[in-house]
Amino acid sequence: MRYAVLGGGKRVRPLLAFAAGELARAPTERIDAAACAVELIHAYSLVHDDLPCMDNDVLRRGKPTVHVEFDEATAILVGDSLQALAFEMLATGRLADDASTQLEMLRAAAVASGTRGMAGGQAIDLASIGQVLTLPELEFMHILKTGALIRAAVTLGARCGSALSAEEFGHLDRYAKCVGLAFQVIDDVLDAEAPTATLGKTAGKDAARGKPTYVSVIGLGRARELARALRRDAHAAVEGFGARAERLRDLADFIVLREF
Ligand code: GRG
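Residues numbered from 1 in each chain as written. Predicted model: local features only at pLDDT ≥ 70, side-chain atom pairs only at ≥ 80, totals over all residues. Heavy atoms only, no water.

What follows deals with the packing of aromatic side chains. Under the definition given, this model contains two aromatic pairs. Their ring planes at 85° and their centres at 5.3 Å tell us that tyrosine 3 and phenylalanine 70 sit as a pair that is edge-to-face. Pair noted here: tyrosine 3 is in helix H1 (residues 2-5) and phenylalanine 70 is in the loop between helix H4 (66-69) and helix H5 (72-91), with a separation of 67 residues, a long-range link. Residue class for phenylalanine 70 comes out partly exposed when judged on its relative accessible area of 44%. Directly above the aromatic system of tyrosine 3 lies the positively charged group of lysine 63, at a separation of 4.0 Å from the ring centroid. The aromatic ring of phenylalanine 183 is capped on one face by arginine 258, whose charged end is 4.1 Å from the ring centroid. (Phe/Tyr/Trp six-rings, centres within 6.5 Å; stacked < 30°, edge-to-face > 60°. Helix = DSSP H or I, 4+ residues; strand = E, 2+ residues; numbered from the N terminus. Buried < 20%, exposed > 50% of the residue type's maximum accessible area, 1.4 Å probe, protein only. Lys NZ or Arg CZ within 6 Å of the ring centre and 35° of its normal.)

In structure tokens form, the structure reads like this:
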């Protein structure tokens, strides 16, 4: 579990949780727990995604994948245990001002991880190998597979505090949806353009496996343009927060301008 979680990764989801939590004036120790929980769920998904029965990859975060370094049974159990640990963290101690909000955080993390989130998106992803998807179908898959957990990172961070009105929370959620989708669009662009050494994972795998991506469906140029438009939308969603949303704007920029 330590091998899978520590010493690598961009930590985009925890950073988003912190930026949203700070906006909601949440205590740091609460955000810390929520941010860790989301990263644990993410790390579990990477371990399982790399398994031979899924993407069958040998390199992750610049190191051999967990099933290569250890074995397949260990990788399955590591993923299971990381997910369980995430929910344990969300249920331990006070993470929100009231118990019903904390329960809502647990529910949000579960929805983002399950059939209406990451696992459901992964199922569509695996079923779509060799298929031609329309742009709305591709978008639906990615909103579930990647977008849901990124959205949960933002909302969980914000729920740790109570400084946001329902309307402000709505603006933040709009921001989260935009960066969640932008993240995946750029992920597809990088998979097509960046070298393995820069990515720390095998480059060009999507095309090699016949997976529909933003690059295969709309082309590199339009994919980059879509990411730029989502970045503008993300900025616009948090405009009303002024300087308080600076970290969120920086993270939207990082997600779209990153090279790894
Ligand atoms: C196995 C239930 C289950 C789900 C797997 C998220 C996912 C679904 C698979 C990951 C495979 C993948 C490459 C998805 C594309 C977007 C993505 C999540 C990339 C990896 O996230 P990064 O770039 O990774 O944030 P780091 O290592 O920086 O944390």
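Text resumes after the structure shown.
Applying the stated criterion across every chain yields a total of 19 salt bridges. Arginine 209 is paired through a salt bridge with aspartate 55; the nearest N and O atoms lie 2.6 Å apart. Placement of arginine 209 in the loop between helix H11 (205-208) and helix H12 (214-218) and of aspartate 55 in the loop between helix H3 (28-49) and strand E1 (59-60) is noted, with a sequence separation of 154 residues between them. Among the residues examined, arginine 209 registers a relative accessible area of 29% and is labelled partly exposed. Overall, aspartate 55 belongs to the buried group, its relative accessible area being 12%. Linking aspartate 253 and arginine 231 is a salt bridge whose minimum nitrogen-to-oxygen distance equals 2.8 Å. Of the two residues, aspartate 253 is situated in helix H14 (residues 246-257) and arginine 231 in helix H13 (residues 220-237); the sequence distance between them amounts to 22 residues. Three or more residues joined by partner-sharing salt bridges are found here, namely Asp55, Asp125, Lys145, Arg209 and Lys211. (Salt bridge = Lys/Arg side-chain N within 4 Å of Asp/Glu carboxyl O.)

Our next topic: unusual backbone geometry. One non-glycine residue, asparagine 56, lies in the positive phi region at around 50°. Of note, asparagine 56 is situated in the loop between H3 and E1. The exposure class assigned to asparagine 56 is partly exposed, which follows from its relative accessible area of 45%.

In this section: the packing of helix H2 (residues 12-23) against helix H9 (residues 166-193). It is the contact of H2 with H9, at a shortest axis distance of 12 Å, that shows an interaxial angle of 165°. Between H2 and H9, the angle falls in the class roughly antiparallel. By crossing handedness, the relation of H2 to H9 is classed as right-handed. Within the contact between the two elements, H2 uses Val12, Arg13, Leu16, Ala20 and Leu23 and H9 uses Leu172, Tyr175 and Phe183. (Axes fitted to C-alpha atoms, helices over the stretch in contact; angles between N-to-C directions. Parallel < 35°, antiparallel > 145°, perpendicular 65-115°, else oblique. Left-handed = near helix turned anticlockwise from the far one by under 90°. Contact = heavy atoms within 4.5 Å.)

These values are about where atoms sit, not about what they do.
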